[in-house]
Amino acid sequence: MTPAERTPAVDAMLANRLRNAQPALWTNPARQAQPPAALQAQGQSISLDDTQAAADRLARFADLLAQVFPELAATGGVVESPLLPASALQPALGLAEGQGRLFIKADHSLPVAGSIKARGGMHEVLEFAERLALEHGLVQPGGDYRALATPAAREVLGRYQVAVGSTGNLGMSIGVVASALGFQATVHMSADAKEWKKDRLRQRGVQVVEHTGDYERAVAAGRAEAASNPMCHFVDDEQSFSLLLGYSAAALHLQNQLVEQGVAVDAEHPLIVYLPCGVGGAPAGIAFGLRQLLGPHVFCFFAEPVQSPCFMVQMLADTTPGMGDHPSVYDWGLTNRTEADGLAVPRASLLAADLMQPLLSGVFTVADDTLFAQLVLVLDALGECIEPSAAAGFSGPAMLTGTTAGQAWLRSTGIDAVLHNATHLVWTTGGLLVPDAQYQGFVQRGRAALAAQG
Ligand SMILES: *Cc1c(COP(=O)(O)O)cnc(C)c1O
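Residues numbered from 1 in each chain as written. Predicted model: local features only at pLDDT ≥ 70, side-chain atom pairs only at ≥ 80, totals over all residues. Heavy atoms only, no water.

Would you explain the sheet that holds strand β11 (residues 298-305) in this entry?
Two modes of strand pairing occur in sheets, parallel and antiparallel, and in both the strands are linked by backbone hydrogen bonds. Pairing is mixed across the open sheet formed by 7 strands, whose spatial order is β1-β12-β11-β10-β13-β5-β4. In the strand order of this sheet, the two ends are held by β1 (25-27) and β4 (83-85), each with one partner. Across the sheet, the mean angle separating the axes of adjacent strands is 25° when strand polarity is ignored. Of the pairings in the sheet, the one linking strand β5 (residues 101-106) to strand β13 (residues 423-428) comprises 6 bridges and is parallel in character. By the bridge assignment for β13, R101 is matched with T423. (Pairing = 2+ DSSP bridges. Helix = DSSP H or I, 4+ residues; strand = E, 2+ residues; numbered from the N terminus. Axes fitted to C-alpha atoms, helices over the stretch in contact; angles between N-to-C directions.)

Quick question: what am I supposed to make of the domain arrangement of the protein chain here?
In many analyses, interface size is given as the accessible surface area lost on bringing the parts together. For the protein chain, the assigned domains are domain 1 (3-114 + 244-453) and domain 2 (117-243). With centres defined by C-alpha atoms, the gap from domain 1 to domain 2 works out at 25 Å. With 46 residues of domain 1 at the contact, the number on the domain 2 side is 38 residues. Taken together, both faces of the contact between domain 1 and domain 2 bury some 3,900 Å²; the carbon and sulfur share is 62%. (Domains from an automatic or database assignment. Contact = heavy atoms within 4.5 Å. Buried area = accessible area lost by both parts, 1.4 Å probe.)

Any chance you could explain the packing of helix α6 (residues 117-135) against helix α11 (residues 241-248) here in plain terms?
When two helices pack together, their arrangement is given by the angle between their axes and by how far apart the axes lie. Interhelical geometry of α6 versus α11 gives an angle of 130° and a closest axis separation of 7 Å. When the axis of α6 is compared with that of α11, the two are oblique. At the point where α6 passes α11, the crossing takes the right-handed sense. On α11, the residues that touch K117, R119, G120, G121, H123, E124 and E127 of α6 are S242, L243, G246 and Y247. Here the contact of α6 with α11 is composed, by residue class, of 2 nonpolar, 5 polar and 4 charged. (Parallel < 35°, antiparallel > 145°, perpendicular 65-115°, else oblique. Left-handed = near helix turned anticlockwise from the far one by under 90°. Nonpolar A, V, L, I, M, F, W, Y, C, P; charged D, E, K, R; others polar.)

Explain the packing of aromatic side chains here, please?
The geometry of an aromatic ring pair is captured by the separation of the ring centres together with the interplanar angle, meaning the angle of the planes. A complete count under the given rule lists 9 aromatic pairs for this structure. Note on F372 and F442: the rings are 5.9 Å apart at their centroids and 50° apart in plane angle, and the pair reads as tilted. A residue pair is termed long-range when its members are at least 10 positions apart, and F372 in helix α16 (residues 368-382) and F442 in helix α19 (residues 436-453) qualify at 70 residues. With a relative accessible area of 2%, F372 lands in the buried category. Three or more aromatic residues joined by ring pairs form one cluster here, namely Y274, F299, F301, F364 and W409. (Phe/Tyr/Trp six-rings, centres within 6.5 Å; stacked < 30°, edge-to-face > 60°. Buried < 20%, exposed > 50% of the residue type's maximum accessible area, 1.4 Å probe, protein only.)

Even after reading the chapter, I still don't get the nonpolar core, so can you show me in this structure?
When a protein is soluble and globular, its nonpolar side chains tend to lie buried together. Judged by nonpolar contacts, the single largest core of 112 residues is most densely connected at F183, F302, F311, M356 and W427. Ranked by residue count, the leading element in this core is α6, at 8 residues. Of the domains in this structure, domain 1 (3-114 + 244-453) and domain 2 (117-243) are the two that each give at least three residues to this core. With 42 residues, the next largest nonpolar core counts L102, A106, V376 and L377 among its residues. (Core = buried A, V, L, I, M, F, W, Y, C linked by side-chain atoms within 4.5 Å.)

Please explain the pattern of salt bridges as it appears in this structure.
A side chain with one charge can pair with a side chain of the opposite charge if their charged atoms come near. Overall, the coordinates contain 20 salt bridges when judged by the stated rule. Between E130 and R60 there is a salt bridge, with the nearest N and O atoms lying 2.7 Å from each other. Highlighted residues: E130 in helix α6 and R60 in helix α3 (residues 48-60), separated in sequence by 70 residues. You can call E130 buried: its relative accessible area is 6%. R119 serves as the salt-bridge partner of E80, at 2.7 Å between the closest nitrogen and oxygen. One end of the pair, E80, is in the loop between α4 (62-68) and β4; the other, R119, is in helix α6, and 39 residues separate them in sequence. One exposure class covers both E80 and R119, and it is buried. Each member of the salt-bridge network shares a partner with another, and the members are E195, K198, D199, R202 and E210. (Salt bridge = Lys/Arg side-chain N within 4 Å of Asp/Glu carboxyl O.)

Okay, structure coming up:
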């Protein structure tokens, strides 16, 4: 029996759709409009002060980053993405006149790593580097961190190793940043990681260890190896506060971008955010920052592939007695096979799930063909190139306006009455570094999917 069959409390229709890998929407009965300022997750307390500390750390390193990465010279070492109006895409997504305005948060264009992983990954490597730099007297508190680019400082950091387990994009972020600072860098890649990502890392002097198993196996192997080496810092995607806080700093920047573009967020003007979800760290960090910063009228939904809905499965278990503590998508008879390699994760981060319980509005799933079709719609309407994982959020608006579960949620929140004033924000999470030949393959598959839909 699957957990759903044992547990009649889970909506039978949702359980059926989930088990049959059909797109589904779960909404969170435990969401709190006004959560406490400090939240507990995995025994630790986290608040906006931690988010601000992460943003401050990134700012301290900006001059060094601008020096080490030529692509950051123009922004003075700031790693950020634009907020793009996307009304041209609304008709194709089925978002009618009077159902709100669509924007894209364009993390697919984030420099250095080419994905949302630039945020968390960079922050964690910098936090480790900062600790060592202060311990070894390479920089003084408040001093000029460009001192870390000197050969003497790099020699010190080069005694240390940074390791990570990844389906691809986290490895690209950690590997590139760690090796740029002089660390030894090791990336444990799962079987679904793409060859071009491994090649790119090897070209930068990163050691790539290939594993035949899934993402969890790659992480476990990396964690075990790191545990035996006291000079190694392991970036633990399943339980890292540093990663999560690096992601959360995006909220501070987005708040300014919303003001600049005249987007209000209040009871009359809800902000609905759609975030692609793998293990959950990136979307949870961002949702945490947005909810704590902008308040009760921000509604966050996570988007997952139909074969890898690990976060939905975890949230169901957390709100339903008797479903186990940490279920995997395999427990539901699903394969975890998806072309959305950034989201191919069988079991959610418990840190992210804990943190999201009072904050999240819901989770929905998307079929791979839809990801490819929407990747093409984004190209045709906006000229933006995104990878399949990054398209997951685009089903969100129609999930709310066009399904029974979505419409019930719109009514229960009262958003139906102000939907015409709503802002729909789809977070596009990767794509910049995808080689053209790969991207053309995505487009072909997307055009075929669109033609099949008629
Ligand atoms: C990793 C990733 C995500 C999701 O981040 P998690 O922390 O794994 O939930 C989304 N999109 C892309 C492109 C990614 O690489």
